[in-house]
Amino acid sequence: PSSYRFLNNAIPLEDVVWAFVWVYFAIMFWEYFLDLHKIREHFPKHMSYLMFLLIIIAVGFFGVYFFQPNLLDQPYAFVKLAVVFMVIPLAAILIEFPRLIRKIVVIGVYFMVLSGLYETAALTNRQWWYPGQHYLGTTTILGHLIPYEEIIVWWIISVPAVVVWYEFFADDEK
């Protein structure tokens, strides 16, 4: 296992770095390959609202983690959070703007493959593992146990959800 971990030895430090790079990579892929009609010369003014929202969520999480950690011990918390922050916004935006569906599928498939490769490398190198018991189910890929929600949420839904959050706050209505 990774020697540099935090939050009670639960999260490898390199995952925090990867999360920022992964979001940046997804948005840059979206902007460069799929959202070709616009060129931004400055930071979208509504992005500050998203940044504020993300800071509030992070402060709330760490506040609960340090002062009421028992509140974080919830069965299927990962699935519940994914439904609230990923599935519902993704569905709402795609229902409202169906023209985005083709582009969302393209970026989703590309990053699903990338995420699967990253997951396999991380599991092979024992960067993380899944010792929990509250999973929707599990499968084995290349000898590694992987929960279904890891595949559904991180491999399939996460990048499309990042893109619709980004488009919601940075959209130019085109």
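The model shown is predicted, which means the values in this text are computed figures rather than measured ones.

Student: In this structure, what is going on with the pairing of strand S4 (residues 144-147)? I would like to understand it.
Tutor: Here is the key point about a regular strand: its side chains alternate between the two faces of the sheet. Bridging between strand S3 (residues 138-141) and S4 involves four bridges; their strand directions are antiparallel. Note that in S4 the partner of isoleucine 141 across the bridge is histidine 144. In textbook terms, the turn of a hairpin is the stretch between consecutive antiparallel strands, and for S3 and S4 this stretch comprises two residues, one of which, leucine 142, has a positive phi near 50 degrees.

Student: For this particular structure, what's the right way to read unusual backbone geometry?
Tutor: It is generally the case that most residues other than glycine have a negative phi and that most peptide bonds are trans. In the Ramachandran plot, tyrosine 76 falls in the positive-phi region, its phi being about 60 degrees despite a non-glycine side chain. With respect to the helices, strands and loops of the structure, tyrosine 76 is situated in the loop between helix H2 (47-67) and helix H3 (77-96). The residue leucine 142 is not glycine, and still its phi comes out positive at about 50 degrees. Examined against the element boundaries, leucine 142 turns out to sit in the loop between S3 and S4. Here leucine 142 falls in the exposed class, since its relative accessible area comes to 69%.

Here is what the cut-offs are and how they apply
Residues numbered from 1 in each chain as written. Predicted model: local features only at pLDDT ≥ 70, side-chain atom pairs only at ≥ 80, totals over all residues. Heavy atoms only, no water. Pairing = 2+ DSSP bridges. Helix = DSSP H or I, 4+ residues; strand = E, 2+ residues; numbered from the N terminus. Buried < 20%, exposed > 50% of the residue type's maximum accessible area, 1.4 Å probe, protein only.

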